[in-house]
Amino acid sequence: MASRAPETYRAYCTQWEEQIRAFIEMKLASDTAFPVVSPGDAQAKGLAGLPFAVKDNIAVQGFSLSCGSKLLEDLCAPYTATAVRKLEATGAWVLGKTNLDEFGMGSSTDNSAIQRTNNPWDTSRVAGGSSGGSAAAVAAGIVPFALGSDTGGSVRQPASFCGVLGLKPSYGAVSRYGLVAYASSLENIGILADTTARCRSVFAAIRGKDPLDQTSQDAPAEAPLLYGHDSGGPKVIGVLSAEAIAKALVAVAAGIEGSPGTKETAVQAASLEREVQQGFELAKTRLAALGHRLVEVEIPSLKYGVPAYYTIATAEASANLARFDGVRYGRRPLEAENPEDLIDKAREAGFGPEVKLRILLGTFVLRSGFQDRYYLRAQRIRMGIRRSFEELLGSAEYGISASPHCDAILMPVFPTRAFGRGDAGETLSPFAQKAADLYTCCANLAGLPALAFPVSLAGGLPVGVQLLGRAFSEATLLDLVEAYEQAHPFPHPAAYHAFWP
Ligand code: GLN
């Protein structure tokens, strides 16, 4: 255990922050800015005294709430999100607000209009996104945990890129009150953490029904207990086979209208790079060695995941972002001819290109006469995807579950490790980044919990995998990963320093 002197901690944060720029706002100078947990508290489930970071699309009173956007750069949150309030009630405190892709739209955090965040493992690479700031802050050891949001993978993918744990809870398990909405029916507040035990404590603190969010709910009585001492008992884990993935990719390509180049890019973008494939195989071997039974499964509807996700997400985004008009929220232009002109100018100046693209796409799929062709069709696909997961995992309504085949499903998180920015030629185009969401967006479409965790390092960069579970079975996923972590502790970047037990 290193020295815990406040100056040491502050200097540590400052040094890292110069390298990675994970925070949009950090309140380090305050008198309380010091981790007060002593090594003796290691057994404690408590979070008292621990600093944590919050993605800058989740409200914390008195802190910024920029959502990574020029439009909201000056906004100071007038209230605190329920999840943050619950964490503060345990004695944990907010160190600062972290960078993100504008409104959560992206996979690199480079879509932030505020700043660029670098990966702590290699600062020439992205931290992933959209919760890249939160993932980088945890990976660097600036905070032991952070909150992010996951609409289509935004907690799990940056967790994978940065070598930390990323939990996307079941839809409704955590209140979304105070989360700035991107695609309300898909998203969750999620957790980035240094250890499985920590992730469990944070989830225990923030979950549950909240009168301020009508979609939130308590776990059903039949759901596995979060502290049920079931740790790591043998489970049946469905493995999404490489053949199933390959089949899905070909079908994805066949469904894309456009030049052959576009098809190739989509297939290529979703194909696992060799190092990720090797990490996935390693996870299988290790889980089997821990006594679990692995069975190959197929998810035929997987191939429709990305088109359905982007149809629904952009449709909801176009409605949710309509509130940002420069009148109620946002920077108001100095001159305008009339109210419409004012709104036009505020949005033109305030939104970045990715956000504009998605609003346009969303209004396109929702325009009258075409809803059947796009939006309603995507909703039907979404039901199909949900059903295929339920067939494997059992129904979300525990009582009526037919005999499920699997306790969890092992999947890749993202086809690549952290990518670069083009200077070295190793980047991913915005189109390829979307096609690569294939593995993460299904959990959001189906409303299921998914836990991403690091398995290996390749070329100095972390590789992660994820386990998906039945609705409200976070405990099972955490048990599985906790046993895994005991056998194979998670890696840390050079210069990492553990300030917390
Ligand atoms: N990469 C996905 C997107 O750009 C996921 C984003 C998210 O989960 N917020 O929409």
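This write-up is about the structure you can find in this document. (Residues numbered from 1 in each chain as written. Predicted model: local features only at pLDDT ≥ 70, side-chain atom pairs only at ≥ 80, totals over all residues. Heavy atoms only, no water.)

## A closer look at the site of the ligand
Okay, so step 1: Not every one of the 15 residues close to the ligand is listed here, only the nearest: Gly104, Thr151, Gly152, Ser154 and Tyr309.
Okay, so step 2: Within the side chain of Tyr182, a nitrogen or oxygen atom sits 2.9 Å from an oxygen atom of the ligand.
Okay, so step 3: Arg358 places a polar side-chain atom, nitrogen or oxygen, 2.8 Å from an oxygen atom of the ligand.
Okay, so step 4: Protein chains shield 99% of the accessible area of the ligand, which is 290 Å² for the free molecule.
Okay, so step 5: Using a 2 Å cut-off from the grid points, one finds that the ligand occupies the largest cavity.
Okay, so step 6: Residue composition of the shell around the ligand, by class: four nonpolar, eight polar and three charged. (Near = heavy atom within 4 Å. Polar contact = N/O pair within 3.5 Å; in protein donor to acceptor, adjacent residues only side chain to side chain. Areas by Shrake-Rupley, 256 points an atom, 1.4 Å probe, with all protein chains shown as cover. 1 Å grid on protein atoms, 1.4 Å probe; cavity = no way out; pocket = protein on both sides within 12 Å on 5 of 7 lines; lining within 4 Å. Sits in = over half its atoms within 2 Å of the grid points. Nonpolar A, V, L, I, M, F, W, Y, C, P; charged D, E, K, R; others polar.)

## Re the pattern of salt bridges
Okay, so step 1: The tally for this structure, following the rule as stated, stands at 21 salt bridges.
Okay, so step 2: When the shortest N-O distance is used, the salt bridge between Arg156 and Asp150 registers 2.9 Å. Accessibility classification places Arg156 together with Asp150 in one group, the buried group.
Okay, so step 3: The partner of Glu354 in a salt bridge is Arg358, with the nearest N and O atoms 2.8 Å apart. Taken together, the residues span about one helical turn, with Glu354 and Arg358 both in helix α11 (residues 353-366) at a distance of four residues. An identical accessibility class is assigned to Glu354 and Arg358; each is buried.
Okay, so step 4: The structure contains a network of salt bridges with shared partners spanning Lys70, Glu73, Asp74 and Arg331. (Salt bridge = Lys/Arg side-chain N within 4 Å of Asp/Glu carboxyl O. Buried < 20%, exposed > 50% of the residue type's maximum accessible area, 1.4 Å probe, protein only. Helix = DSSP H or I, 4+ residues; strand = E, 2+ residues; numbered from the N terminus.)

## Let's talk about the packing of aromatic side chains
Okay, so step 1: The tally for this structure, following the rule as stated, stands at 13 aromatic pairs.
Okay, so step 2: When the centroid spacing of 5.2 Å and the interplanar angle of 70° are considered together, the rings of Tyr9 and Phe499 count as edge-to-face. Here Tyr9 is found in helix α1 (residues 6-20), whereas its partner Phe499 is found in the segment after α15 (474-487), with 490 residues between them in sequence.
Okay, so step 3: With a relative accessible area of 0%, Tyr9 lands in the buried category.
Okay, so step 4: Look at Phe499 and you get buried, because its relative accessible area is 1%.
Okay, so step 5: Three or more aromatic residues joined by ring pairs make a cluster, and in this case those are Tyr9, Tyr12, Phe499 and Trp500.
Okay, so step 6: For Arg367, the ring lying beneath its charged end belongs to Phe364, and the centroid distance is 4.1 Å.
Okay, so step 7: Here Arg367 stacks its cationic end above the ring of Phe370, 3.4 Å away from the centre of that ring. (Phe/Tyr/Trp six-rings, centres within 6.5 Å; stacked < 30°, edge-to-face > 60°. Lys NZ or Arg CZ within 6 Å of the ring centre and 35° of its normal.)

## Topic: the packing of helix α9 (residues 305-320) against α11
Helix-helix packing: each pair is described by the crossing angle between the helix axes and the interaxial distance.
Okay, so step 1: Running from amino to carboxyl end, α9 crosses α11 at an angle of 100°, the nearest separation of the two axes being 7 Å. When the axis of α9 is compared with that of α11, the two are roughly perpendicular. Of the residues in α11, those touching α9 at Tyr310, Thr311, Thr314, Ala315 and Ser318 are Arg358, Ile359, Leu361, Gly362, Thr363, Val365 and Leu366. (Axes fitted to C-alpha atoms, helices over the stretch in contact; angles between N-to-C directions. Parallel < 35°, antiparallel > 145°, perpendicular 65-115°, else oblique. Contact = heavy atoms within 4.5 Å.)

## Considering unusual backbone geometry
Okay, so step 1: The amide bond that connects Gly129 to the next residue, Ser130, takes the cis arrangement and shows omega of 10°.
Okay, so step 2: The backbone phi angle of Phe103 is positive, close to 55°, even though this residue is not glycine.
Okay, so step 3: Note on Phe103: relative accessible area 2%, which makes it buried.
Okay, so step 4: Of note, Thr109 is a non-glycine position whose phi angle comes to about 75°, a positive value.
Okay, so step 5: Secondary-structure assignment places Thr109 in the loop between β3 (93-98) and β4 (118-119).

## A word on the nonpolar core
Okay, so step 1: Counting 136 residues, the largest nonpolar core has Phe103, Ile142, Leu147 and Phe389 as the members making the most contacts within it.
Okay, so step 2: Counting residues per element, this core draws most heavily on α9, at eight residues.
Okay, so step 3: If we ignore the near neighbours within four places in the chain, the residues touching Ile142 are Tyr9, Tyr12, Cys13, Trp16, Glu17, Ile20, Phe23, Met26, Leu95, Ala137 and Trp500.
Okay, so step 4: Phe161, Ala266, Ala432 and Ala435 belong to the second largest nonpolar core, which has 13 residues in total. (Core = buried A, V, L, I, M, F, W, Y, C linked by side-chain atoms within 4.5 Å.)

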